[in-house]
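# Examination of the molecular architecture
Here are the chains, one letter per residue:
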Amino acid sequence: QTYQLKATTSTGHAPTFKSSKSSVATVEEDGTITAIKHGSAIIKVSCDNTKMQFQVLVKKPTIQLSASTLTLKPGQSVQMKANVSSGIPVHWSVSNINILNVTDTGLVTARQKGKAYLYATKDGVKVSCIIKVIEPKKKKK
């Protein structure tokens, strides 16, 4: 997210802005603050020997997956979705690549029978979906 910090001076001179932690939040010359990752940063504003500072707290994102458990058959695929409060895409991974495969976009494909976890991670937050891969039932003769 961004936030426009506005500062006016009695002299009409332009203030300068600086972030104490640009890894957490950056600030442009016009006072636009951009949140980068969770944490805390101090935005320092100075002009004509006057200084002020503001604390910026960037919250951890929340992640909601389109499912918390799934059952698939080998070869079957499903497109998972992650709703992230920050709006930034998650990193997808699996606990066992022999059982599941996942693409960068969250397309999960079952490989073989077993149980594995699908993980969605962003900015230190990790959520999971348990995926069980079962063999299809054999038809009776």
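Scroll up a little and you will see the structure.
Let me begin by describing the structure that accompanies this report. Remember, it's a predicted structure, so these values are computed and weren't measured experimentally.

Quick look at the layout of surface pockets now. Roughly 560 Å³ of volume is contained in the largest pocket. Residue lining of the largest pocket: 23 residues in total, with Q1, A35, L57, V58 and K59 positioned closest to the centre. Going through the elements one at a time, β1 (2-4), β4 (32-35) and β6 (50-58) are the ones with two or more residues in the lining of the largest pocket. A per-element tally of the lining of the largest pocket places β6 first, with five residues. Here the lining of the largest pocket is built from residues that sort into eleven nonpolar, seven polar and five charged.

Two orientations exist for strands paired in a sheet by backbone hydrogen bonds: parallel and antiparallel. Strand order in the open sheet made by the four strands is β8-β15-β14-β11, with mixed pairing throughout. A single partner strand is all that each edge strand has here, and the edge strands are β8 (69-72) and β11 (91-94). Here the strands of the sheet are splayed against their neighbours by 25° on average, with no regard to which way each runs. One ladder, built from four bridges, connects β11 with strand β14 (residues 114-122); its direction is antiparallel. For S93, the partnering residue across the bridge sits in β14 and is Y119.

Of the two faces of strand β13 (residues 107-110), only the one carrying V108 and A110 is buried; L107 and T109 on the other face are not. Across three bridges, the pairing between strand β9 (residues 77-79) and β13 is antiparallel. Note that in β13 the partner of S77 across the bridge is T109. Here strand β12 (residues 100-102) runs beside β13; their pairing, made up of three bridges, is antiparallel. By the bridge assignment, V102 is partnered in β13 with V108. Where β12 folds back on β13, the antiparallel hairpin that results is connected by four residues, among which G106 adopts a positive phi of roughly 90°.

Note that S19 resides in strand β2 (residues 16-19). There is a polar contact of 3.2 Å between the side chain of S19 and the backbone nitrogen of K21. Among the polar contacts made by the side chain of S19, one reaches the main-chain carbonyl oxygen of A25 at a distance of 2.6 Å. The contacts of S19, once residues within four sequence positions are left out, are A25, T26, V27, A41, I42 and I43.

Basis of the calculations
Residues numbered from 1 in each chain as written. Predicted model: local features only at pLDDT ≥ 70, side-chain atom pairs only at ≥ 80, totals over all residues. Heavy atoms only, no water. 1 Å grid on protein atoms, 1.4 Å probe; cavity = no way out; pocket = protein on both sides within 12 Å on 5 of 7 lines; lining within 4 Å. Points joined across faces, edges and corners; volume = space filled by probe spheres on them. Helix = DSSP H or I, 4+ residues; strand = E, 2+ residues; numbered from the N terminus. Nonpolar A, V, L, I, M, F, W, Y, C, P; charged D, E, K, R; others polar. Pairing = 2+ DSSP bridges. Axes fitted to C-alpha atoms, helices over the stretch in contact; angles between N-to-C directions. Buried < 20%, exposed > 50% of the residue type's maximum accessible area, 1.4 Å probe, protein only. Polar contact = N/O pair within 3.5 Å; in protein donor to acceptor, adjacent residues only side chain to side chain. Contact = heavy atoms within 4.5 Å.

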